[in-house]
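Now for the letters of each chain:
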Amino acid sequence: MAEDETGRLLEKLDIGQKVRLLTGASNWRTYAEPAVGLRPVTMSDGPAGVRGETWDERRTSLVLPSPTALAASWDEELVRELGGLLAAEARRKGVQVLLAPTLNLHRSPLGGRHFECFSEDPLLTARTGVAFVKGVQEGGVAATAKHFVANDAETDRLHVDVRVTERALRELYLAPFEAAVDAGVWAVMSAYNKVNGVTMSASPLLEWPLKGDRPVRGNGPVRGGWGFDGLVVSDWGAVRSPLDSARSGQDLAMPGPESPWAAGLLAAVTAGLVDEARIDDKVRRLLRLALRVGALGEPAPARRPLSPPTGERALLRRAVAAGTVLLRNEGGVLPLDPARSRRVAVIGPQATDVRIQGGGSAEVFPSSVVTPLEGIEAALREVTVEGGAGDRAEVTYTPGLPPDTRPRPLGPARTRDPRDGEPGVLVRLLDADGVELHAEHRLSGRIVEPARVAGAVTVEIRALFRPSRSGSWTLGVGGWGLMSLSVDGRTLLSGEFPLDSDDPTRVHVSPPYRCVRAELTEGVESEVVARRRLDAGTGVATLLGAAPPPGDAPAALAAAVAAARAADVAVVVVGTTEESESEGRDRESLALPDGQDALVRAVARANPRTVVLVNSGGPVALPWHRDVPALLLAWFPGQEAGHGLADVLFGRTEPGGRLPTTWARAQEDVPVLDTRPRDGRLPYEEGIHIGHRAWLRAGAEPAYWFGHGLGYTTWAYEGIQAPSAVGGDGADGSGAGVDVRVRLRNTGPRRGREVVQVYVARADTAVDRPVRALAGYAAVEAGPGEEVVATVRLAARALSHWSAQSGRWESEPGEFTLLAGRSAGELPLRTTVTVPGPGPLTPESSMESALR
């Protein structure tokens, strides 16, 4: 069926059928309509894996490195390949629309959802996002560019009114979405927040510039419409009224079957309050999406078989190393020589409990996880070290910190289902009289979506729990409404806990625990039971968790110091926690929680060959960073974390990452920090100056600049060449921009990869500009002693600015400086290019030419 036949299909539907299609049929599906051969379209989160329609730990998914780690690779081919892997996962799970990528920016390092976004920079975000979109859609699955737009923080995210200038919107926040549209993305998700007083599900930005349907100015057509022909789906629950959103470019309200559109849109159209032509356009876009993903007309042909799991895991392992950033390597501590690493001390709780992904709506369930400790042990297992044939390296582990006293969901390691004795828990659904209606065995005490059973009033989680040590344990039940918790038949907690938030993550995904203490004996099973009444409006998520008795912090630290002193090398793994970095809330501090800074300092004093791995989704403060010889950023590295990191540690692979966001020395140094609205508004007072632009404007020095990252070889930047002037076509944007040639040489001992970055600056200007900003980049590889030339394409837009006065891109005549190097703070080469003018920049050459 051709796309132009959707108009013919529309004629077969009455207005009631059309309106029905514009609200979801369930949490994750749209309605079928047999009259036109339309089947349901199934959607799923998320950027680091495809969960499918259910939150069920038994239905596992491949887990990629977090989007920030993908952007840190500065490798579009790799990201495209990973997008294809996600498409294959989506098809395996019956999903046609993947709710990713997230194209919001790292405006402030306190943003709680940074792990799900790519970068602080619009160009790096755009290029990475386009690669992701192409990889997913080449697999026959729709990608969804989200959250449109300026949804860059979590505080009051449902209602906050972001106040931002038109220029900052165009040059920063809209730019990655424009690039995705240029690349042919099939869906865009509107955000919860408002922008300049209008909620995004009703915003004129959905029409102009996104769809280009009509200008927002009253003085004639405005240049710059993107012509998006796909579907605009709401964030879950973001459509709040039947009229304003229906009159806008919003096309589909999710989830369903209940929504303001389901309740009132048909009556509004019948009364003439919403033009039926609007409805037709929305339905046409839905049909077009369904056609593209094979849900309209004849079923799509079967795709080729999926690659074997070993191939998938090898790709994920390669991605870990590609995104790992080597910040510091004094004295050449890295790579470690396996033959000389007789004794390796691995230290830190996250060495055995690594965070592979961020928390919230994008969470998926891995079938297996390789921890850093397991990766290091595997890498050294078959190595014969100096000292004799058959002698093997000794790897020791000590946490260095006392056990976490915050409850974590019960898991199969120390629980049994009291009914069948298998590892895990028993989940029951009960009616009003306590009669069992449904029971099932689960692997976790975190039940986000219990089975839907008619007449169910209460959900119960029951487990035989075997403590790992004696003492006063913390037990918790999570959820809302009437809840209770008992141990061995004794009720320790019972009460009503009213809903205190409308944030969907807090309500439906990660509700808080209500805790009690109980004296338990090591190895002796106790039956623990949590119950929760399923009241309307309180969600259904129910948790049963436990935490061990408080430990001895000085003793744990002393043990880590002793292990470090006895080792040839110490590897310390530190990072953020679910409480300090997750969807639904912004961070209050950049500091590592729970005494981890003291742990790093103590180990570094004990062993001069200390390597620190940072396991976080976004920047953290590193007050000790100059006290350790080697420092690696692992981000949230996905399920193959340990193997990929071991490949980097022992030199099998070069650390491929470069920083996608600037890292501060201390929180008080950050020039753009605030994420908290005032009177419901969050003003972006910094305008176009975020990230490295803001640091340069403030004249401040971060710990590590945007773009920074070391490899295992060294490079000399030897020359730069660019046209002395942009021709007439290039000046007005109708040309292909500027090619900058950068000559460099590998001056180190091994083959390596370098990301050559070009920044643009303008000293003599009448326009507010960044001191310098990323304008283009390209990666090159070379062997020892080899010279190589990187050709970096700069789009015409790199030498232009958005004029709010004229409503178009303009070029300012004069001389621009081009600077080339390896980060925003290390740019040894420079040249100039002159722009004659004046001239407007046409939309056709906008982001598209930057991404060719």
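Residues numbered from 1 in each chain as written. Predicted model: local features only at pLDDT ≥ 70, side-chain atom pairs only at ≥ 80, totals over all residues. Heavy atoms only, no water.

Chemist: Is there a simple way to explain the overall build of the protein chain in this structure?
Modeler: In terms of helices and strands, the protein chain carries 18 helices and 37 strands. By the compact-globule yardstick of 29 Å for 852 residues, the protein chain fits well, its C-alpha radius of gyration being 28 Å. Dimensions along the principal axes, computed over C-alpha positions, put the protein chain at roughly 80 × 70 × 55 Å. Looking at the protein chain residue by residue over its 852 residues, the buried ones come to 61%. A fraction of 76% describes how many contacts in the protein chain between residues 6 or more apart in sequence connect residues 24 or more apart. Taking the 96 positively charged and 107 negatively charged side chains of the protein chain as two groups, their mean positions are separated by 1 Å. (Helix = DSSP H or I, 4+ residues; strand = E, 2+ residues; numbered from the N terminus. Rg over C-alpha atoms; globule rule 2.2 N^0.38 Å. Buried < 20%, exposed > 50% of the residue type's maximum accessible area, 1.4 Å probe, protein only. Contact = heavy atoms within 4.5 Å. Lys, Arg positive; Asp, Glu negative; His and termini not counted. Charge placed at Lys NZ, Arg CZ, Asp CG, Glu CD.)

Chemist: For this particular structure, what's the right way to read the environment of Thr-68?
Modeler: Mapped onto the secondary structure, Thr-68 falls in helix 3 (residues 67–72). Between the C-alpha atom of Thr-68 and that of Glu-116, which follows or precedes it by 48 residues, the distance is 6.6 Å. Other than its neighbours up to four places away in sequence, Thr-68 contacts His-106, His-114, Phe-115, Cys-117, Phe-118, Gly-617, Trp-635 and Pro-660. Engagement of the side chain of Thr-68 in a polar contact is seen with the backbone oxygen of His-114, the distance being 2.7 Å. (Polar contact = N/O pair within 3.5 Å; in protein donor to acceptor, adjacent residues only side chain to side chain.)

Chemist: Quick question: what am I supposed to make of the sheet that holds strand 29 (residues 738–746) here?
Modeler: The pairing of strands in a sheet happens through backbone hydrogen bonds and is either parallel or antiparallel. The 3 strands are arranged 28-29-32 in an open sheet whose pairing can be described as antiparallel. Pairing within the sheet leaves two strands with one partner each, and these edge strands are strand 28 (715–721) and strand 32 (787–794). When the angles between neighbouring strand axes are averaged without regard to direction, this sheet yields 25°. Looking at chain direction, strand 29 and strand 32 are connected through 8 bridges and run antiparallel. Each residue of the ladder has a partner; that of Val-740, found in strand 32, is Val-792. (Pairing = 2+ DSSP bridges. Axes fitted to C-alpha atoms, helices over the stretch in contact; angles between N-to-C directions.)

Chemist: Sorry, what's going on with the pairing of strand 31 (residues 773–782) here?
Modeler: Each regular strand displays side chains that alternate between the two surfaces of the sheet. Burial analysis of strand 31 places 8 of its 10 residues in the buried class, the great majority of the element. Direction of pairing for strand 30 (residues 752–761) relative to strand 31: antiparallel, over a ladder of 9 bridges. Counterpart to Tyr-759 in the pairing with strand 31 is Leu-774.

Chemist: I would appreciate a short explanation of the packing of helix 4 (residues 76–92) against helix 5 (residues 122–138) in the present structure.
Modeler: Packed helix pairs are characterised by how far apart their axes lie and by the angle those axes make with each other. Between helix 4 and helix 5, the least distance of the axes is 7 Å, while the angle of their chain directions is 35°. Seen from above, helix 4 lies across helix 5 with right-handed handedness. Every residue of helix 5 that contacts helix 4 at Glu-76, Val-79, Arg-80, Gly-83, Gly-84, Leu-86 and Ala-87 is listed here: Arg-127, Thr-128, Ala-131, Phe-132, Lys-134, Gly-135, Val-136 and Glu-138. Residue classes in the contact of helix 4 with helix 5 are distributed as 6 nonpolar, 4 polar and 5 charged. (Left-handed = near helix turned anticlockwise from the far one by under 90°. Nonpolar A, V, L, I, M, F, W, Y, C, P; charged D, E, K, R; others polar.)

Chemist: For this particular structure, what's the right way to read helix 14 (residues 596–606)?
Modeler: Residues separated by three or four positions in an α-helix point in the same direction, a consequence of the helix having 3.6 residues per turn. Of all 11 residues in helix 14, 8 are buried; the element is thus mostly enclosed. Turning to helix 14, its buried residues number three or more, namely Gln-596, Asp-597, Leu-599, Val-600, Ala-602, Val-603, Ala-604 and Ala-606. Those residues of helix 14 that are buried lie in contact with strand 10 (343–347), helix 13 (553–565), strand 24 (569–575) and strand 25 (610–615).

Chemist: What should I look at first to understand the nonpolar core in this one?
Modeler: Most often, soluble globular proteins keep nonpolar side chains buried together rather than apart. Leu-82, Phe-148, Val-149, Tyr-173, Val-185 and Leu-210 are the most contacted members of the largest nonpolar core, which totals 58 residues. Broken down by secondary-structure element, the contributors of at least two residues to this core are helix 3, helix 4, helix 5, strand 3 (142–148), helix 6 (166–173), helix 7 (175–182) and helix 10 (309–323). In terms of residues, this core owes the most to one element, helix 4, which gives 7 residues. Excluding its chain neighbours within four sequence positions, the residues that come into contact with Tyr-173 are Leu-105, Arg-107, Val-149, Asp-152, Val-164, Ala-168, Tyr-684, Glu-686 and Ile-690. Within the second largest apolar cluster, 47 residues are counted, among which are Leu-21, Tyr-192, Val-283 and Leu-296. (Core = buried A, V, L, I, M, F, W, Y, C linked by side-chain atoms within 4.5 Å.)

Chemist: Just checking my understanding: could you explain helix 7 for this structure?
Modeler: Across the 8 residues that make up helix 7, a large majority, 7, are buried. What helix 7 keeps buried is the set Ala-175, Pro-176, Phe-177, Glu-178, Ala-179, Ala-180 and Val-181. Once helix 7 ends, the next one or two residues include Gly-184, with phi positive near 90°.

Chemist: What should I look at first to understand empty space enclosed by the protein in this one?
Modeler: Taking a probe equal in size to a water molecule and rolling it over the atoms shows the remaining empty space. This structure, assessed with the given rule, holds 7 cavities of 30 Å³ or more. Of the volumes computed, that of the second largest cavity is approximately 120 Å³. Contributing to the lining of the second largest cavity are 16 residues, with Pro-109, Thr-662, Val-670, Gly-691 and Trp-695 lying nearest its centre. For the lining of the second largest cavity, the class distribution of residues is 9 nonpolar, 5 polar and 2 charged. (1 Å grid on protein atoms, 1.4 Å probe; cavity = no way out; pocket = protein on both sides within 12 Å on 5 of 7 lines; lining within 4 Å. Points joined across faces, edges and corners; volume = space filled by probe spheres on them.)

Chemist: Whenever I open this one, the side chain of Ser-259 confuses me. Can you help?
Modeler: Secondary-structure assignment places Ser-259 in the loop between strand 8 (231–234) and helix 8 (260–270). Take Ser-259: its relative accessible area is 14%, and that puts it in the buried class. Within the structure, the side chain of Ser-259 is placed 3.1 Å from the backbone nitrogen of Trp-261, a separation counted as a polar contact. Apart from the residues lying within four places of it in its own chain, the contact partners of Ser-259 are Thr-23 and Ala-253.

Chemist: Would you explain the sheet that holds strand 35 (residues 814–821) in this entry?
Modeler: With antiparallel pairing, 4 strands are arranged side by side in an open sheet as 31-30-35-36. Only two strands of the sheet have a single neighbouring strand rather than two, namely strand 31 and strand 36 (829–835). Strand-to-strand twist of the sheet, defined as the mean angle between neighbouring strand axes without regard to direction, takes the value 25°.

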